[in-house]
Amino acid sequence: AFNRKHAATVASVLANALKESKNNPNRQWLYWQLIHEILILEQGAPKWEKLLDLRIALGEALPLAMEKLGSDLPPQLEEYLKEWNDSNAFGG
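All figures in this text were calculated on a predicted structure; none of them were measured in a lab.

Asks: I'd like a rundown of helix 4 (residues 52-69), residues and numbers included.
Replies: Its 18 residues give helix 4 an end-to-end C-alpha distance of 25 Å, which sits within 8% of 26 Å, the value for a rise of 1.5 Å per residue. Where helix 4 bends most, at A61, the angle is about 30°, and the proline P63 comes one to four residues later. Summarising the contacts, the buried residues of helix 4 are in contact with helix 1 (7-20), helix 2 (25-40), helix 3 (47-50) and helix 5 (77-86). With its phi angle positive at about 60°, G70 sits one or two positions after the end of helix 4.

Structure representation (structure tokens):
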């Protein structure tokens, strides 16, 4: 089970892992897949709202990581971004 008190820490660790994987596209893609699973986990289920804190924390941390990565973002990420937007993953 996920403890909501740790949302900021989890988001920070994942964002830092992304930044550190700038020169390793395979590892970076692995982190994006993990983040994607977190963001769409429990969509449409009662736990969806309970995971909102984590999704919001990721929504705040990811833009900074993406800015640091610049043009080194994987092309497959576009599909994830669309899905996150369609599902309102960040609660906004």
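Next comes the rest of the account.
Asks: Describe the packing of aromatic side chains, listing the residues and the values that go with them.
Replies: Throughout the structure, instances matching the rule amount to 4 aromatic pairs. Here W32 and W84 contribute two aromatic rings whose centre-to-centre distance is 6.2 Å and whose plane-to-plane angle is 35°, an arrangement assigned as tilted. Highlighted residues: W32 in helix 2 and W84 in helix 5, separated in sequence by 52 residues. On the basis of relative accessible area, W32 is assigned to the buried category, the value being 0%. W84 gets classed as buried once you look at its relative accessible area, which sits at 3%. Seen in terms of ring centroids, W84 and F90 are 6.0 Å apart; in terms of plane orientation they differ by 85°. Their pairing is edge-to-face. Feature note: the residues W29, W32, Y80, W84 and F90 constitute an aromatic cluster, connected by ring pairs. In this arrangement the basic side chain of R55 is found over the ring face of W48, its NZ or CZ atom lying 3.6 Å from the centre.

Asks: Explain the pattern of salt bridges to me, using residue names and the numbers behind them.
Replies: Across all of its chains, the model carries 2 salt bridges by this definition. The shortest N-O distance in the salt bridge between D72 and K22 comes to 3.8 Å. A residue pair is termed long-range when its members are at least 10 positions apart, and D72 in the loop between helix 4 and helix 5 and K22 in the loop between helix 1 and helix 2 qualify at 50 residues. With a relative accessible area of 35%, D72 lands in the partly exposed category.

Asks: Please set out unusual backbone geometry residue by residue, giving values where relevant.
Replies: Leaving glycine aside, a negative phi is the common case for residues, and trans is the common case for peptide bonds. Look at E42: it is not a glycine, yet its phi comes out positive at around 65°. Here E42 shows up in the loop between helix 2 and helix 3. Phi at N88 takes a positive value of approximately 55°, unusual for a residue other than glycine. Inspection of the secondary structure assignment puts N88 in the segment after helix 5. Since its relative accessible area comes to 38%, N88 is described here as partly exposed.

Asks: Describe the side chain of Q28, naming the residues involved and giving the relevant values.
Replies: By the secondary structure assignment, Q28 is in helix 2. Discounting chain neighbours no more than four positions away, the residues touching Q28 are L18, S21, K22, L69, D72, L73 and P74.

Definitions and limits used
Residues numbered from 1 in each chain as written. Predicted model: local features only at pLDDT ≥ 70, side-chain atom pairs only at ≥ 80, totals over all residues. Heavy atoms only, no water. Helix = DSSP H or I, 4+ residues; strand = E, 2+ residues; numbered from the N terminus. Expected span 1.5 Å × (residues − 1). Bend = angle between axes of the 7 residues up to and from the residue. Contact = heavy atoms within 4.5 Å. Phe/Tyr/Trp six-rings, centres within 6.5 Å; stacked < 30°, edge-to-face > 60°. Buried < 20%, exposed > 50% of the residue type's maximum accessible area, 1.4 Å probe, protein only. Lys NZ or Arg CZ within 6 Å of the ring centre and 35° of its normal. Salt bridge = Lys/Arg side-chain N within 4 Å of Asp/Glu carboxyl O.

Functional significance is not addressed by these values, which are geometric in nature.
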